[in-house]
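Single-letter residue listing:
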Amino acid sequence: MKVRFVTSNRSKFEEVRKIGDSYGIEVGWVEKEYMEPQGGELEDVARISAEILANEVETPFFIEDSGLFIHALKGFPGVYSSYVFKTIGNEGILRLMEGIKNRDASFVCVIAYHDGESIRTFRGEVKGKIAGEMRGGYGFGYDPIFEVDGRTFAEMGDEKNEVSHRRRALEKFFSWLAKSF
Ligand code: ITT
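Residues numbered from 1 in each chain as written. Predicted model: local features only at pLDDT ≥ 70, side-chain atom pairs only at ≥ 80, totals over all residues. Heavy atoms only, no water.

Trainee: Before we move on, can you summarise unusual backbone geometry with the specific residues and values?
Mentor: Generally, phi is negative for residues other than glycine and the peptide bonds are trans, each holding for most cases. Note the cis peptide between Thr 59 and Pro 60, where omega equals -5°. Mapped onto the elements of the fold, Pro 60 is located in the loop between α2 (42-53) and β3 (61-70). Residue Pro 77 is reached from Phe 76 by a cis peptide bond, and omega for that bond is 0°. For Pro 77, the location among the structural elements is in the loop between β3 and α3 (81-87). In this structure, Asp 149 takes a positive phi of about 50° despite not being glycine. (Helix = DSSP H or I, 4+ residues; strand = E, 2+ residues; numbered from the N terminus.)

Right, here's the structure in full:
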């Protein structure tokens, strides 16, 4: 089975492709940047983005929207994760977290699948902590500062794909997809 994934982010695509392989699903890359509405919940952002994209991309396809939610910062950067990463980056987040004892955070991934008629969303979440410093050379984005069981995603390499928010959302999506064809 083959399904198209629209994203501008090659690292995301590579992760999704590898996870797809383990489900016998071939993921094709539509490399494209698209407008995301700001604010609301990740689900709303993914749903509205998919709705708009359906005017430009052949259906069926899916997109995914991820966000890092830091508890001590009341969920920041959340739906603003992309903008915050481009502006203050990991250094900026570490600075905001200086002196803060509660390092709890979650990474959330929402997939929106458009079949040409309707949109279905799938959510995956992993709980972790914001590290005290950047560690590890793999991955992308916030991977060097997000740790699960003492190791950052950037230290895990492919093992990230066993436990990540993306894995958990894809698990739901791919098993639903396999059943519906
Ligand atoms: P597309 O929207 O084109 O898919 P993007 O990189 O803009 O690509 P998001 O809006 O979903 O993707 O990502 C929000 C931010 O969170 C962005 O800065 C990513 O680098 C970062 N991010 C997403 N998933 C991540 C992960 O698994 N590990 C680390 N950072 C991640």
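Trainee: How would you explain the pattern of salt bridges if you had to name every residue and give the values?
Mentor: Any two side chains of opposite charge can pair, given that their charged atoms come close. Counted under the stated rule, the structure contains 18 salt bridges. Where Glu 15 meets Arg 166, a salt bridge forms, and the shortest distance between an N and an O atom there is 2.7 Å. Of the two residues, Glu 15 sits in helix α1 (residues 10-22) while Arg 166 sits in helix α7 (residues 165-180), which places them 151 residues apart along the sequence. Take Arg 166: its relative accessible area is 2%, and that puts it in the buried class. Here the residues in one salt-bridge network are Lys 12, Glu 15, Glu 64, Asp 143, Lys 160 and Arg 166, joined through shared partners. (Salt bridge = Lys/Arg side-chain N within 4 Å of Asp/Glu carboxyl O. Buried < 20%, exposed > 50% of the residue type's maximum accessible area, 1.4 Å probe, protein only.)

Trainee: Which residues make up the site of the ligand, and what are the values?
Mentor: Taken together, 20 residues lie around the ligand, and Thr 7, Ser 8, Lys 12, Asp 143 and Lys 160 are the ones closest in. Ser 66 places a polar main-chain atom, nitrogen or oxygen, 2.9 Å from an oxygen atom of the ligand. A distance of 2.9 Å separates a nitrogen atom of the ligand from a polar side-chain atom of Arg 166. Protein contact buries 92% of the 610 Å² of open area that the ligand shows by itself. Taken together, the elements giving at least two residues each to the shell around the ligand come down to β3, α3 and α7. (Near = heavy atom within 4 Å. Polar contact = N/O pair within 3.5 Å; in protein donor to acceptor, adjacent residues only side chain to side chain. Areas by Shrake-Rupley, 256 points an atom, 1.4 Å probe, with all protein chains shown as cover.)

Trainee: Please set out the side chain of Lys 12 residue by residue, giving values where relevant.
Mentor: On the secondary structure map, Lys 12 appears in helix α1. With relative accessibility at 11%, the residue Lys 12 sits in the buried group.

Trainee: Help me get a handle on α2, residues and values and all.
Mentor: The end-to-end C-alpha separation of α2 is 16 Å, in line with the 16 Å expected for twelve residues at 1.5 Å each. Considered for burial, the residues of α2 that qualify are Leu 42, Val 45, Ala 46, Ser 49, Ala 50 and Leu 53. Relative to the axis of α2, the buried residues are bounded by an arc of 125° and lie together on one face. The inward-facing, buried residues of α2 contact β1 (2-7), β3, β4 (104-114) and β5 (119-130). (Expected span 1.5 Å × (residues − 1). Arc of directions from axis to C-beta. Contact = heavy atoms within 4.5 Å.)

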